[in-house]
Amino acid sequence: KIRVRLSLQQREKLATCPVSKRLFSLMHTKATNLCLAIDYEEGERILELADKAGPFVCAVKVHADTIDEFNESWTSKLVALANKHDFLIFEDRKFADTGNTLSMQVKRNAASWADIVTVYGIAGEKSIRSAFQPIIADPSTRLKGILLIAQLSCEGNLCDTEYTNGTRRIAEANQDIVCGFITQEKISDKLGLIHWTPGVSLDETTDGKGQQWRSVEKAIMEQQNDIVIVGRAICNKTTPASELRRYRDAAWEALSAAMPK
Ligand code: 5IU
């Protein structure tokens, strides 16, 4: 079942978060709605794959706290690759504290090198807005938007409907700083907000550790997400380059099918 959406260019006009405008534009220009999650421990290996993946992805997602020798020299190399290939740097830190602590954590751990970070809605609107609004408005910081975690992909997770709805309300009321959601399905009709979804693989359904994977088609056509986040299904293959093309093509085809020609 294909439901027609607005084009990425039309949605770019509706977006107010600075990173969303840039993202809609680069997705359209590069013809990609694939975010690559690179969860290697070796910093050099991440940079190598990010350089290969650059032309195929709209964003590269990392976890700073799982990388060996994570330091300023490494982040500056990643920033150089992001500039070279025009992709977003996504630090999946899943911030969740009260406002003042949040602000300190973000400034120290992400604001200078990441374009976008994940944040739980759990602490509420005031904590989130007071921490992120001044950082995003500061022209000297790279961070230009946040993704609110609305739903998790893992089995037995505790994100219930009440939490998801509360998170949606925070996003809709703070679109100047919120790019969109990490979610399993479309949860908001606000077309400037972007739905990013993890838990995608074309070959496997689970990792035996709680992760649940479904197909690109299900994630985009049925569950109406915009961007697929794919990790091990690409990174742990012997030929990541051919998998990058495969996932980029599948995701772009599914999204294009739902957009005006
Ligand atoms: N991730 C999830 N599920 C979630 C959230 C984040 O998988 O609900 I929030 C992260 C974890 C990993 C990536 O970095 O997305 C998915 O990687 P795999 O495709 O290897 O499962």
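The rules behind each value
- Residues numbered from 1 in each chain as written.
- Predicted model: local features only at pLDDT ≥ 70, side-chain atom pairs only at ≥ 80, totals over all residues.
- Buried ≥ 20, exposed ≤ 12 C-beta atoms within 10 Å, placed from the backbone.
- Helix = DSSP H or I, 4+ residues; strand = E, 2+ residues; numbered from the N terminus.
- Pairing = 2+ DSSP bridges.
- Right-handed = clockwise from strand over helix to strand, strands pointing away.
- Expected span 1.5 Å × (residues − 1).
- Arc of directions from axis to C-beta.
- Contact = placed C-beta atoms within 7 Å.
- UniProt positions renumbered as here; feature names shortened; annotations may be inferred.

1. Some remarks on the pairing of strand β3 (residues 88-95)
Taking burial as the measure, the eight residues of β3 include six buried ones, the bulk of the element. Note: strand β2 (residues 59-62) against β3, four bridges, orientation parallel. Bridging from a neighbouring strand, K61 pairs with F90 of β3. For the crossover that starts at β2, traverses helix α4 (residues 72-85) and ends in the parallel β3, the hand is right-handed. In this view, the connection linking β3 to its parallel neighbour strand β4 (residues 116-120) by way of helix α5 (residues 99-109) has right-handed handedness.

2. Focus on helix α7 (residues 161-173)
For α7, spanning 13 residues, the distance from its first C-alpha to its last is 18 Å, which sits close to the expected 18 Å at 1.5 Å a residue. For α7, the set of buried residues is T164, T167, R168 and A171. Each buried residue of α7 sits inside an arc of 105° when the element is viewed along its axis, so together they form one side. Opposite the packed face of α7, turned more than 90 degrees from it, sit the exposed residues E162, N165 and A173. In this structure, the buried residues of α7 make contact with β5 (146-149) and β6 (178-182).

3. A word on the UniProt feature "active site" (unreviewed entry) in the protein
When the UniProt feature table is mapped onto this chain numbering, "active site" (unreviewed entry) sits at D92, K94 and D97. Counting through the fold element by element, D92 comes out in strand β3. Residue D92 is classed as buried on the basis of its 23 C-beta neighbours within 10 Å. For D92, the contacting residues outside a window of four places in its chain are K61, V62, H63 and T118. Mapped onto the elements, D97 comes out in the loop between β3 and α5. Residue classification places D97 among the partly exposed residues on the basis of 17 C-beta atoms within 10 Å. Apart from the residues within four sequence positions on either side, D97 is in contact with L102, Q105 and A123.

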